Amino acid sequence: MTSAQHLLRSQRDLLLKWTLDHPAPMLRWLRDAEVLTPAHYLSLLERSPSNAVAQALEIVCATEASSQVFLQVLREVQDYYCTDLQVWVEKHCRDDTVSKQTPTPVKVEEKKPKGPIAKLFKGKSKGFTVTTEVKAKEELKPSRSVKVANIRVPISAHKTTLLKRTEQLKCYSEGERVASNSASHIEIRYTDLFVTEDDDVVDSSQHEYFDLASRRARIYVHQACQRIRPSHLLDPQGTSGRRPKRVKMKGIAGIGKSVAVQRLVYEWAIGKNMREFTCIFDLRFRELNLIEAPLSLLELLGERFRYLKAVLPDLFTSPSSLLFILDGLDEFKFLLDWNSPDKNIDVRSKVPVSELMVALIKGSLLPEASVILTTRPSTEAPKRFFQRCCVVLGFEEDQVKQYTSKFYKDGKVAEKVYDYILNNDNLFVLSFIPLYCYIICTAMAEFFSSGDQDVDGSKSLELNPPRTVSEVYFCYLFTAVKHHALRGSAERTTPRSEVLSLAKQQLTNLGRLAYETLLQKKIMFNRADLEGYGVTPADLQSTFLRHILQPLKEETVEMFSFFHLTVQEHLAALYCAINFLSQEDITQALDLWCFGQHPPSSTAAPLQNTDLNTDTLESLQMFTRFFMGMLRARLAGQLDGLVSSNVEQQWDGVPTRLGLWFQDQFKGRKLNNQTALNLLHCLMEFHAKETTSMAAAEIKTLNLFKMKLSVVDCAAMHYVLQFSPHKLQELNLGYSNIGNRGLNRLGPILHRCESLYLRYNCLDRKAAILESAVLKSNECQVKKLFMCGNNLGPEGVLELWNALEHNTSVEELYLDITGITERGTENIVTCLSRNSSLRTLTIVGNDIGEVGRRRLKELEQRRPGLRIIANFVEDLGLLQAYLDWVEEIQADRDQMESVKNADALQSVLKGLQVAGGKVEKGEKAEKAKELQTNIVELLKSSTNLMGGRQVM
């Protein structure tokens, strides 16, 4: 028997010649066979193809065992390569020559068709074919009814084409100080996403970023989620073991939906995932927008995948082996009628493309085929048509760290950037969105280096790393402009103003396009759209525009979109900031964007011919924050080069004028929660003490009840309220899920809140310690403190009793359902008997035991002026309040997503049962019985949401 090692060494040059054009399949299979280590595999992907193959062959030939494994790998991947290699494999890789090292998927051995297939590729990838795995998993046999010999070569062409399309992820910079505009291999850059089951609850009035932040706040704190890897979207579900046929995956712009399905297609094309499918058709709705005339599914796929046209009828004989990936429903311009009766159509029926997509998604066309649909949350795709609905939540903290380590080749730089993100609330909250993470990392590349910060004897044009959202985006934009401008037009030491002036006209044109289309909620543009704004598509390949606008070029499609929705919003804000000539322009613009008040008259370009639907105001909130940040940059001289210096003299009074405007909003308007919060963020982005002090003086109460708040929201509240000259009458953050980190951010202002509502905020012992420090402060002005529904525990509440021993401000304290046990009452008598201010204490829903109840009785005797409510049936008002709460949860089922609410309901139920035998007949008894019945019904109806837990 010929030695495999000797054979490979003797044939090395031929093997190198045959595989160097497309080494990815061979390298991936060698990694999975453990011939290549993961680190070595990734390093080879970064090399030139010939170098990568040469290095791989050198490793393979090192031992007889690895040589034999390599021959087996060649059997699996031979059809990715030329006919000569396939003939060689037939000759040298027979079973009697190579011993099998690992089980391989069953393959139907057919004589391989020979002859040129270059026509399939229109001149690309000549000499290549790809095979399909006809039988990939023993339990799934989708290909038995398919004419294997007929489809093998076309499917091979399809796989090779998909590999070419999906193996690269576009990127701008690898963290170096030069622009690269390179593309990273998907194996190197791709970081898995956090995907979970979707409850289909959407507040379409909110900016999608805020809705996602709200959802994450609920999920992260309660851990009420199931992690789903994108590659497992079609795995069997639950006890039934059935595979879902229709899957919807939704998520906001930039969250990674398209990249996730790109990864799925790549894994299938390389033969490593979803091998139960004979063929995957990936269709993008932005491409389907160009189809005006009715057509059949056969015609659509035959035009989109021309090399498959002849075998489509054969493929459709086994529809269960087909997977359709429909990406970006939100970009589809045609109306979808989900409620129309199903039509009797088949793959040859000619219908409008919108009807075709609805039929495919609903399953009235090809019901046995599988479909994965991606969309943004704002686009309707009824849940009833899907067996699985998922939502993409982006990165978790460990994935942000993984992403930064992949972004920068230098591990020390990656560590510095990650630490900077972790310690900056604004950046940390942004970083869970993959595209934000990319933008942050690109911007930070200018400021972090493992070596000397100086470049050619001069420092970076920026002095400090960005800290606010606006600064990050402007730094990202400026980095792109600078790298373009420095190509022969400027030196590294060229002042910022000169660099910006080089791109002034392009930025103005691009900004006007961004602004006017933002008001129209338009995100896709054709060539005519761009040219109408003076943006030349040809410039995309030669200027910084390629980092801002993304061209979509397929066989018959040419469309453009901004790199990300927030990049469009930022450029729109920049355009407005540099085109306002007076202070009056600024306040009129804010009236328009925040409240829908159209300006009476203005010469400023952004305020002329504004067609703004007031229903879209809340979608402009991120844009208004960017605008305030760009105003700050203009006042600081950072936009010099984009605005003329003689105009700037008129802007000296802008901070005062803005202070008066914000003052009027807080004083004269009844602001809804989201608008009030947005104004706080605008003030933080503007970051002017004079302006913020004037606004803060008019904030007497702040009610953000049920607003799911992030740490950045808490930072905005703290920033503004720290300038308030008086106490805050009420700060209501009930059901806001701020957690310990958010409360800590608010810590310095809490002592000035007379009524402080912190109910159901996922607080624990650490929060109790923080609040105890507030109560011990000599400046404490808190009179009412609501801590219900937080897991303070016995240790946390002991801290509170100690703090109240000398506190003279708190009159009412609400500690319902806070995890207090008998241990948590040990010092209550000693501490509270010395307190002179407390008048009401509610402590229901806690398991304090008999000893705890005796201590409360003793406390009542020592403090006759203190009213203690220890069980639900003692107070009629309390019973009614809990009845209202249960009714509210029944009406708003989104609340039951919170495991803590389910736990709280169980605690109330237990408290009612404990006190049930002690209550006499009357209104209290009736209310208690009604409350008990309602809770039992609610818990039973929500068993699935609670993971099947039993009702007590």
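Analysis parameters
- Residues numbered from 1 in each chain as written.
- Predicted model: local features only at pLDDT ≥ 70, side-chain atom pairs only at ≥ 80, totals over all residues.
- Heavy atoms only, no water.
- Helix = DSSP H or I, 4+ residues; strand = E, 2+ residues; numbered from the N terminus.
- Buried < 20%, exposed > 50% of the residue type's maximum accessible area, 1.4 Å probe, protein only.
- Contact = heavy atoms within 4.5 Å.
- Areas by Shrake-Rupley, 256 points an atom, 1.4 Å probe, with all protein chains shown as cover.
- Pairing = 2+ DSSP bridges.
- Salt bridge = Lys/Arg side-chain N within 4 Å of Asp/Glu carboxyl O.
- Core = buried A, V, L, I, M, F, W, Y, C linked by side-chain atoms within 4.5 Å.
- Right-handed = clockwise from strand over helix to strand, strands pointing away.
- Axes fitted to C-alpha atoms, helices over the stretch in contact; angles between N-to-C directions.
- Left-handed = near helix turned anticlockwise from the far one by under 90°.
- Phe/Tyr/Trp six-rings, centres within 6.5 Å; stacked < 30°, edge-to-face > 60°.
- Parallel < 35°, antiparallel > 145°, perpendicular 65-115°, else oblique.
- Nonpolar A, V, L, I, M, F, W, Y, C, P; charged D, E, K, R; others polar.
- Expected span 1.5 Å × (residues − 1).
- pLDDT = per-residue confidence, 0-100.
- Polar contact = N/O pair within 3.5 Å; in protein donor to acceptor, adjacent residues only side chain to side chain.
- Disulfide = S-S within 2.5 Å.

A. How the structure looks around the overall build of the chain. The helix and strand tally for the chain stands at 39 helices and 17 strands. Counting every position in the chain, which comprises 952 residues, the buried fraction comes to 59%. For the chain, the proportion of contacts with a sequence separation of at least 24, taken over those separated by at least 6, is 77%. Accessible area of the chain: about 38,900 Å², with a carbon and sulfur share of 48%.

B. Main features of the pairing of strand β5 (residues 279-284). Most of β5 is tucked away, with five of its six residues classed as buried. Two elements, β5 and strand β6 (residues 322-327), share six bridges in a ladder whose sense is parallel. The partner of cysteine 279 across the bridge, within β6, is leucine 322.

C. Here's a closer look at the pattern of salt bridges. As enumerated under the stated definition, the model contains 30 salt bridges in all. Where glutamate 531 meets arginine 527, a salt bridge forms, and the shortest distance between an N and an O atom there is 3.9 Å. Taken together, the residues span about one helical turn, with glutamate 531 and arginine 527 both in helix α23 (residues 527-532) at a distance of four residues. Of the residues examined, glutamate 531 reaches a relative accessible area of 46% and is grouped as partly exposed. For arginine 527, a relative accessible area of 36% translates into the label partly exposed. Because the salt bridges share partners, they merge into one network encompassing Arg28, Arg31, Asp32, Glu187, Arg263, Glu267 and Lys272.

D. Here's a closer look at the nonpolar core. Residues Trp88, Trp593, Phe627 and Trp801 are the most contacted members of the largest nonpolar core, which totals 231 residues. Considering each element in turn, this core owes the most residues, ten residues, to helix α20 (residues 469-485). If sequence neighbours within four positions are ignored, tryptophan 801 has contacts with Leu813, Leu815, Gly824, Thr825, Asn827, Ile828, Cys831, Leu832, Leu841 and Ile843. Judged by nonpolar contacts, the second largest core, of 47 residues, contains Cys279, Phe285, Phe316 and Phe385.

E. Examining the pairing of β6 more closely. Burial analysis of β6 places six of its six residues in the buried class, which makes it a mostly covered element. Burial of the side chains of β6 extends over both faces: Leu322, Phe324 and Leu326 are buried on one face and Leu323, Ile325 and Asp327 on the other. Once you follow β6 into helix α15 (residues 353-362) and on to strand β7 (residues 370-375), the crossover reads as right-handed.

F. Looking closely at the sheet that holds strand β16 (residues 840-842). One open sheet accounts for seven strands, arranged β11-β12-β13-β14-β15-β16-β17; its pairing is parallel. In this open sheet, the two edge strands, each paired with only one partner strand, are β11 (701-703) and β17 (867-869). Pairwise comparison of adjacent strand axes, ignoring direction, gives a mean angle of 10° for this sheet. With three bridges joining them, strand β13 (residues 753-757) and strand β14 (residues 784-786) adopt parallel strand pairing. Residue pairing in the sheet places tyrosine 757 in a bridge with phenylalanine 786 of β14.

G. Seen up close, the packing of helix α3 (residues 24-32) against helix α5 (residues 49-60). Where α3 meets α5, the axes come as close as 11 Å, and the angle between the chain directions of the two elements is 30°. Two packed elements cross with a definite hand, and for α3 against α5 that hand is left-handed. Contacts between α3 and α5 involve Met26, Leu27 and Leu30 on the former and, on the latter, Ala52, Val53, Ala56 and Val60.

H. Main features of the packing of aromatic side chains. Counted according to the given criterion, the structure contains 29 aromatic pairs. For the pair phenylalanine 407 and tyrosine 408, a centre-to-centre distance of 4.9 Å together with 70° between the ring planes defines the contact as edge-to-face. Overall, the relative accessible area of 0% leaves phenylalanine 407 in the buried class. Ring geometry for phenylalanine 407 versus tyrosine 438: centroids 6.0 Å apart, planes at 70°, classification edge-to-face. Linking phenylalanine 407 in helix α16 (residues 397-407) with tyrosine 438 in helix α19 (residues 434-444), this pair joins segments that are 31 residues apart in sequence. The exposure classification of phenylalanine 407 matches that of tyrosine 438, with both residues buried.

I. Geometry of the packing of helix α22 (residues 504-519) against helix α24 (residues 565-579). In contact at an axis separation of 7 Å, α22 and α24 are set at 115° when each is read in the N-to-C sense. Between α22 and α24, the angle is such that the two are roughly perpendicular. Crossing handedness for the pair α22 and α24: left-handed. When α22 is examined against α24, the residues Leu507, Thr508, Leu510, Gly511, Arg512, Ala514, Tyr515, Thr517 and Leu518 are found in contact with a partner set consisting of Gln568, Glu569, Leu571, Ala572, Tyr575, Cys576 and Ile578. Residue classes in the contact of α22 with α24 are distributed as ten nonpolar, four polar and two charged.

J. Spatial organisation of the environment of lysine 416. For lysine 416, the location among the structural elements is in helix α17 (residues 411-422). In sequence terms lysine 416 and methionine 444 are 28 residues apart; their C-alpha atoms lie 9.8 Å from each other.

K. Just the sheet that holds strand β4 (residues 246-250), in detail. On the basis of which strands lie adjacent, the open sheet formed by six strands has the order β3-β8-β4-β7-β6-β5 and mixed pairing. This sheet does not close on itself; its edge strands, each paired only once, are β3 (195-197) and β5. Each strand axis lies, on average, 20° off the axis of its neighbour in the sheet, ignoring direction. Both β6 and β7 contribute to a ladder of four bridges, which runs parallel. Directly across from phenylalanine 324, in β7, lies its bridge partner valine 371.

L. Summary view of helix α6 (residues 64-77). Its 14 residues place the ends of α6 20 Å apart at the C-alpha level, agreeing with the 20 Å of an ideal helix rising 1.5 Å per residue. For α6, the elements touching its buried residues are α1 (4-10), α2 (12-19), α3, α5 and α7 (83-92).

M. Main features of unusual backbone geometry. Positive phi outside glycine occurs at tyrosine 760, with the angle close to 50°. Relative to the helices and strands, tyrosine 760 is located in the loop between β13 and α33 (765-776). For cysteine 762, which is not glycine, the phi torsion reads 60° and is therefore positive. With respect to the secondary-structure elements, cysteine 762 resides in the loop between β13 and α33. Classification of cysteine 762 as buried rests on a relative accessible area of 18%.

N. Summary view of the environment of leucine 832. Here leucine 832 lies in helix α35 (residues 828-832). Judged by its relative accessible area of 0%, leucine 832 falls in the buried class. Among residues more than four places away in sequence, those in contact with leucine 832 are Trp801, Leu804, Leu838, Leu841, Leu859 and Arg863.

O. How the structure looks around the confidence of the model for the chain. Of all residues in the chain, 81% have pLDDT values of 70 or greater, and the mean over the chain is 80. Low pLDDT, under 50, characterises residues 452-462; the predicted model gives this stretch 21 contacts beyond four residues in sequence or across chains. In the predicted structure, residues 944-952 sits below a pLDDT of 50 and forms 19 contacts with residues beyond four places in sequence or in another chain.

P. Spotlight on helix α31 (residues 711-721). By the criterion of burial, α31 is predominantly enclosed, with eleven of the eleven residues buried. Of all the residues in α31, the buried ones are Val711, Val712, Asp713, Cys714, Ala715, Ala716, Met717, His718, Tyr719, Val720 and Leu721. As for α31, its buried residues are in contact with α18 (425-430), α29 (673-686), α30 (689-696), β11, β12 (728-732) and α32 (739-746). The N-terminus of α31 is capped by serine 710, whose side-chain oxygen sits 3.3 Å from the backbone nitrogen of valine 712.

Q. How the structure looks around the state of the cysteines. Per the stated rule, a full pass over the model turns up zero disulfides. For cysteine 390, which is in no disulfide, the shortest distance to another cysteine sulfur is to cysteine 389 and amounts to 7.4 Å. Given the relative accessible area of 0%, cysteine 390 is considered buried.

R. Highlighting the side chain of serine 772. With respect to the helices and strands, the residue serine 772 is situated in helix α33. When sequence neighbours within four positions are dropped, the list of residues in contact with serine 772 reads Glu799, Leu800 and Ala803.

S. Molecular detail of the environment of isoleucine 699. Looking at the secondary structure, you find isoleucine 699 in the loop between α30 and β11. Look at isoleucine 699 and you get buried, because its relative accessible area is 2%. Residues isoleucine 699 and leucine 721, 22 residues apart in the sequence, show an inter-C-alpha distance of 8.1 Å. The contacts of isoleucine 699, once residues within four sequence positions are left out, are Phe666, Leu680, Val720, Leu721, His726 and Leu728.

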